[in-house]
Amino acid sequence: KTNVASFELIPWVLGKCQNISEGEKLISGINLSDVSFSSEYPASPLHWLLSDRDRSLVIESTDCGLQIYHNPVGVLTNNPTFDWHVTNLNEYLYVTPFSPKETNWGDLKLNALGIGAGTLGIPGDFASVSRFVRIAYIRSHMPEIKGDAQSITQFFHMLDYVKMVKGGVLTDEGLLDSTTYSSCMDQEKGI
């Protein structure tokens, strides 16, 4: 097998492959080495999302070795493993963009208290499990958007929905955790 450090996996794959099929084949023949980017930092246990115009893969290093998952939702967050995240989505199958219908509990008539009541139950915390549920939900219900400016705007609104904002989470060392950057790519135009 070819040894590849976690921090060089993506540029290594992108430099050798033109699509997901080639990437999947190439990745199946590698061993992730425990080499860190710098002596100041340990090697990171990363998760990778690799996509082309047609499909998406998740690559994870687990106790069972390097795992490659087909990604039907097209999103990724951190721990736990991707297969766990996908199974967990079954807990939210009742969530809908539609308002619930009026119902009766005995003689009491119940109505939604406002717009968005169909999404009650989507977690709003900063945990990676919750962020996975939120971004998978919004991506699966996103309408087709025409035009670069509108598409890019929608994309960044979606990322804002799951970003880590300063003050929301403190690390074990007392540091503010936050989303450092976000990026966007048009796979049709390659920009």
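Remember, it's a predicted structure, so these values are computed and weren't measured experimentally.

Rules behind the numbers
- Residues take numbers from 1 onward in each chain, read along the sequence in its written order.
- Selection of residues for local features in this predicted model requires a pLDDT of at least 70, selection of side-chain atom pairs for listing and counting requires 80 or more, and totals for whole chains, interfaces and linings are taken over all residues.
- Working from all heavy atoms in the structure, the side-chain values ignore hydrogens and water.
- Salt bridges are counted wherever a side-chain nitrogen of Lys or Arg sits within 4 Å of a carboxyl oxygen of Asp or Glu.
- Helix and strand definitions here come from DSSP, where helices need a minimum of 4 consecutive H or I residues and strands a minimum of 2 consecutive E residues; each element is numbered from the N-terminal end.
- For two strands to count as paired, DSSP must find a minimum of two bridges between them.
- Helix axes are fitted only over the stretch in contact, all axes being lines through C-alpha atoms; the angle between N-to-C directions runs from 0 to 180 degrees.
- Put simply, angles under 35 degrees are roughly parallel, angles over 145 are roughly antiparallel, angles from 65 to 115 are roughly perpendicular, and the rest are oblique.
- We call a crossing left-handed when the near helix sits turned anticlockwise from the far one by less than a right angle, and right-handed when that turn is clockwise.
- Contacts are residue-level and defined by heavy atoms, with any inter-residue pair within 4.5 Å sufficient.
- Three categories are distinguished: nonpolar for Ala, Val, Leu, Ile, Met, Phe, Trp, Tyr, Cys and Pro, charged for Asp, Glu, Lys and Arg, and polar for the others, with Gly belonging to the last.

A. A look at the pattern of salt bridges. Evaluation of the coordinates by the stated rule reveals five salt bridges. Between arginine 55 and glutamate 24 there is a salt bridge, with its nearest N and O atoms 3.2 Å apart. Placement of the pair is arginine 55 in the loop between β3 (47–51) and β4 (56–62) and glutamate 24 in helix α2 (residues 20–27), with a sequence separation of 31 residues. Residue lysine 189 pairs with aspartate 148 through a salt bridge whose shortest N-O separation is 2.7 Å. Here the residue lysine 189 occupies a position in the segment after β9 (176–177), and aspartate 148 occupies one in helix α5 (residues 148–160), the gap between them amounting to 41 residues.

B. Representation of the sheet that holds β4 within the structure. Strand order in the open sheet made by the three strands is β3-β4-β5, with antiparallel pairing throughout. At either end of the open sheet lies a strand with only one pairing partner, and these are β3 and β5 (65–70). Averaged over neighbouring strand pairs, the angle between their axes works out to 20 degrees when direction is ignored. Both β3 and β4 contribute to a ladder of five bridges, which runs antiparallel. Residue pairing in the sheet places leucine 50 in a bridge with leucine 57 of β4.

C. Representation of the packing of helix α1 (residues 9–16) against α2 in the model. Running from N to C, α1 and α2 cross one another at 125 degrees; their axes reach a closest spacing of 9 Å. One way to sum up the angle between α1 and α2 is to call them oblique. The handedness of the crossing between α1 and α2 is right-handed. Contacts from Trp12, Val13 and Lys16 in α1 reach Glu22, Gly23, Leu26 and Ile27 in α2. For the contact of α1 with α2, the class distribution of residues is four nonpolar, one polar and two charged.

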